[in-house]
Every structure is written in structure tokens, then in C-alpha cells.
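Structural characterization, general
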Amino acid sequence: MTILFDLEPILKGDRRAIARAATLVENRRGDALLSQLFPHSGRALILGITGAPGAGKSTLVDRLVANFRADGKRVAAIAVDPSSPFTGGAILGDRIRMMQHHADDGVFIRSMATRGAMGGLAAATADMTLLFDAAGFDVVIVETVGVGQDEIDVARLATVTVVVLVPGMGDDVQAIKAGLMEIADLFVINKADHPGAERLEREIHYADIAVPVLKTVASEGKGIDELVQAVRAVPGQNRAEERWKRRMREMLRERVMEKLSWEELDLAAADVATRRRDPYTLIHDLVERFFAGKPARISD
Ligand SMILES: Nc1nc2c(ncn2[C@@H]2O[C@H](COP(=O)(O)OP(=O)(O)OP(=O)(O)O)[C@@H](O)[C@H]2O)c(=O)[nH]1
Ligand SMILES: [Mg+2]
């Protein structure tokens, strides 16, 4: 961790420097750089957009980017494992499209492929948001598909998470209660031009789900202003709060875990499975060696 990077171009928002850094981060080789960038981060609104395939997330993200841009904000968007990529400006307003043509430093769009590694996706995504945050983007939007563990992990790193629902696509109240409530700060019923939007809204309302619900037609840009306002109104965006600390605790636990290699765990597991070693001593030894006498905490 002693390599020193030239941070200036990144902090100034230089696109090529940011792109290079993003590649480093995506390949999980960015720790040294990220530790230097960390003091410059912590200002961005990290906005998670998650929902079923085809719910209109990318369309929504495009609209949100345009909306924040029109407000003078610099915006980065990350599509995690995209099946349909951002349009990259195709449906953004003319002004934005022009600016993109002239390398608008206010917008940066990046796709990230899923990595097979355990927890690796969420960690890489978190690192990517840190990079963009430090590079001075006011808003970092993260699009994820589905509602598996990966999405929940990704949602945890966001300051605000929007879950996109679609009428008549099985996003019923039971499903919402089963998994989505945990991560949603806001529900958006997109494709509100389709039948059933009102009914879904009513069902959520009557199910006593204490999360605000908005309707959008992303393809027509309807409801986007209201969504941006609702995002701004979500409480708990202060990163010193309990909620954020809980998330950091989980994040740290996962990352410490990551440092144990699979090979090492495999060998250990084989030893326990064949009863060559008892798991208790083995765990003790692993932890001992892992922390090598270093205190986990450096200040009060
Ligand atoms: N009718 C209608 N169509 C929409 C709306 N929003 C998006 N779409 C369309 O729905 C399709 C899927 O939109 P995407 O934005 O790619 O959806 P997504 O959730 O990002 O999809 P994945 O990334 O593949 O999961 C596209 O054809 C959009 O034009 C909407 O509000 N109403
Ligand atoms: Mg998409």
C-alpha cells in the first residue's frame, strides 16, 4: 500500500484518468489508490436503482442523469452486470447529448461485468462509487438487476435505494414484503402507462408498507422531477448515522473475509472434513495469523 498515485487528474475529473482508475478498481487492484482517494470522498449522493429485468431501470437512470445534469450536478452512472446497457445519451435531452459529444465532464457512464467471486461484485461496485465520489461527481447512480444477495449487498452501499416495480409483472405485495422492503427507501412503479399501476399502488398502500411510492413513465420522462424530490427527502443520508455505521460494519466484515483466500479455506475445510484437524483450533490459528498481533482499531 505504499505506491503513491498522482491523484490530481482524478480529483480534477479528468476522464481518462478516471477511466484508467476504474479499470484498476474493476480488476480489484485499486486498494492503494482507493485508500488515497478515500479522504476526498463522502460527498456524493449514492443512488441505487434496482428491480426486475426490463423494469425500465436504465431508461429511468438516463432520465435521472439528464435531470441532475440540468440542475448543474455532475453525475456518474454504473450499470452492474447490464443485460441492456444505458443508451449513453440516446434519449437524453439534446443539450446533454451535445455535451456528451463534446466529452461532457459532467457525465460518466460505466458498465461492470459480474465477477464470480463471493461478495466481489458488491465490493467492486462500492469501490467504483468511491472513485466517482472522490472524482467530484455529485451523484453516483448504481443500477442492479434483480433482488438477490448481490443486489442487497449493492443496495447497502447506496445512500438511497430505489426499487423499481412494474404493474402486472409479478411484483405483488407478497414479493415486496418478502425481500424488497429491507432495501427500499423508495418504490417506483414504472411503466405507469400500463394497466394495473393504480392497483399496485393501492395494494402497497393498504399493506402498510412504510416506504413512499411514486409512479413514473420513464420512457416519456414522466414523474422524474417528483422522483428526484423524493430522493432528496429520504432521511438518513448522513453517513455518521447508525444506519450507515451498520452498513460499514457489514462491508468491513465482508472485506476482511475476502482477504482469506479460497485456496486456504479449501485446504482448511479438507482438513476438517477428513478429521485431521479440529475446527476450533483451526479457526483460532487462522484468526491469530490473520491479524498478526495488529490491533483492528487505531483510534478512539
Ligand atoms: N411503456 C413503457 N415502457 C417503458 C417504460 N420505461 C422503460 N420502458 C421500456 O422498457 C424496456 C426496458 O427498459 P430498460 O430501461 O432497458 O429496462 P431495465 O430495467 O434497465 O432492463 P435490464 O437492465 O435488462 O434489467 C425498453 O424497451 C424501454 O423503452 C415506461 O415507463 N413505459
Ligand atoms: Mg438496464
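Look up: the structure comes first, before these words.
Worth saying up front: this structure is predicted, and the values here are computed from it rather than measured. (Residues numbered from 1 in each chain as written. Chains lettered and ligands numbered in written order. Predicted model: local features only at pLDDT ≥ 70, side-chain atom pairs only at ≥ 80, totals over all residues. Heavy atoms only, no water.)

Quick look at the pattern of salt bridges
Under the criterion given, the structure shown has 13 salt bridges. Among the salt bridges present, the one from Asp71 reaches Lys73, with a minimum N-O distance of 3.7 Å. Between Glu250 and Arg253 there is a salt bridge, and its shortest N-O distance comes to 3.1 Å. Here Glu250 pairs with Arg253, and both are found in helix α11 (residues 242-258), just 3 residues apart, close to one helical turn. Residue classification places Arg253 among the exposed residues on the basis of a relative accessible area of 51%. (Salt bridge = Lys/Arg side-chain N within 4 Å of Asp/Glu carboxyl O. Helix = DSSP H or I, 4+ residues; strand = E, 2+ residues; numbered from the N terminus. Buried < 20%, exposed > 50% of the residue type's maximum accessible area, 1.4 Å probe, protein only.)

Describing the coordination of the magnesium ion (ligand 2)
Those protein atoms acting as donors to the magnesium ion (ligand 2) are Ser58 (OG) and Glu143 (OE), and they sit at 2.1 to 2.2 Å. Of this pair, Ser58 sits in helix α4 (residues 57-70) while Glu143 sits in strand β4 (residues 139-145), and the two are 85 residues apart along the sequence. Glu143 matches Ser58 in its accessibility class, with the two residues each being buried. (Donors = N, O, S within 2.8 Å, 3.2 Å for Na, K, Ca; no water.)

Details of helix α10 (residues 224-233)
Looking only at α10, the buried set comprises Ile224, Leu227, Val228, Ala230 and Val231. Projected down its long axis, α10 shows its buried positions confined to an angular sector of 165°, all on one face. Exposed residues on α10 whose side chains face more than 90 degrees from its buried face are Gln229 and Ala233. Its buried side turned inward, α10 meets β1 (45-51), α4, β5 (160-165), β6 (186-189) and β7 (213-215). (Arc of directions from axis to C-beta. Contact = heavy atoms within 4.5 Å.)

Structural notes on the sheet that holds β5
Spatial ordering of the open sheet is given by β3-β2-β4-β1-β5-β6-β7, a layout of 7 strands whose pairing is parallel. Taken across any chain shown, the strands that pair with only one partner, and hence form the sheet edges, are β3 (107-112) and β7. For this sheet the average axis-to-axis angle between neighbouring strands, irrespective of direction, equals 20°. Two elements, β1 and β5, share 5 bridges in a ladder whose sense is parallel. By the bridge assignment for β5, Thr50 is matched with Val163. (Pairing = 2+ DSSP bridges. Axes fitted to C-alpha atoms, helices over the stretch in contact; angles between N-to-C directions.)

Some remarks on unusual backbone geometry
With a phi close to 55°, Lys191 is a non-glycine residue in the positive phi region. With respect to the helices and strands, Lys191 occurs in the loop between β6 and α9 (197-206). In this structure, Arg275 is a non-glycine residue whose phi angle is positive, near 60°.

Some remarks on the pairing of β4
Among the 7 residues of β4, 6 are classified as buried, and the element is accordingly described as predominantly covered. Here β1 runs beside β4; their pairing, made up of 7 bridges, is parallel. Bridge pairing in β4 links Thr50 to Thr144. Bridge count between strand β2 (residues 75-80) and β4: 5 bridges; the pairing is parallel. Bridge pairing in β4 places Ile78 opposite Val142.

Notes on the pairing of β2
For β2, the tally of buried residues reaches 6 of 6 residues, placing the bulk of the element in the interior. Going residue by residue along β2, you find Val75, Ala77 and Ala79 tucked away on one face and Ala76, Ile78 and Val80 tucked away on the opposite face as well. Inspection of the sheet shows β2 paired to β3 by 6 bridges, in the parallel sense. Directly across from Ala76, in β3, lies its bridge partner Phe108.

Section: the nonpolar core
Core analysis: the largest hydrophobic core is formed by 33 residues, its most contacted members being Ile10, Ile18, Ile78, Met128, Leu131, Phe132 and Phe137. Going through the elements one at a time, α2 (15-26), α3 (31-37), β2, β3, α6 (120-134), β4 and α7 (149-157) are the ones with two or more residues in this core. By size, the runner-up hydrophobic cluster in this structure holds 28 residues, among which are Ile49, Ala55, Val160 and Ala230. (Core = buried A, V, L, I, M, F, W, Y, C linked by side-chain atoms within 4.5 Å.)

As for the side chain of Glu143
Buried Glu143, no salt bridge; nearest opposite-charge side chain is Lys57, N-O distance 4.4 Å. Here the side chain of Glu143 touches Ser58 through a polar contact of 2.6 Å, side chain to side chain. (Lys, Arg positive; Asp, Glu negative; His and termini not counted. Polar contact = N/O pair within 3.5 Å; in protein donor to acceptor, adjacent residues only side chain to side chain.)

Some points on the packing of helix α12 (residues 262-273) against helix α13 (residues 279-291)
The contact between α12 and α13 brings their axes to 10 Å, and the two run at 160°. By the angle between their axes, α12 is roughly antiparallel relative to α13. Between α12 and α13 lies a crossing whose hand is right-handed. Here Glu264, Ala268, Asp271 and Val272 of α12 come into contact with α13, specifically with Pro279, Leu282, Leu286 and Arg289. When grouped by side-chain class, the residues that make up the contact of α12 with α13 number 5 nonpolar, no polar and 3 charged. (Parallel < 35°, antiparallel > 145°, perpendicular 65-115°, else oblique. Left-handed = near helix turned anticlockwise from the far one by under 90°. Nonpolar A, V, L, I, M, F, W, Y, C, P; charged D, E, K, R; others polar.)

Here we look at α4
Taking 1.5 Å of rise per residue, the 14 residues of α4 would be expected to cover 20 Å, and the 20 Å separating its terminal C-alpha atoms lies within 8% of that figure. Burial runs high along α4: 11 of the 14 residues are buried. Residues of α4 that are buried: Lys57, Ser58, Leu60, Val61, Asp62, Leu64, Val65, Ala66, Asn67, Phe68 and Arg69. (Expected span 1.5 Å × (residues − 1).)

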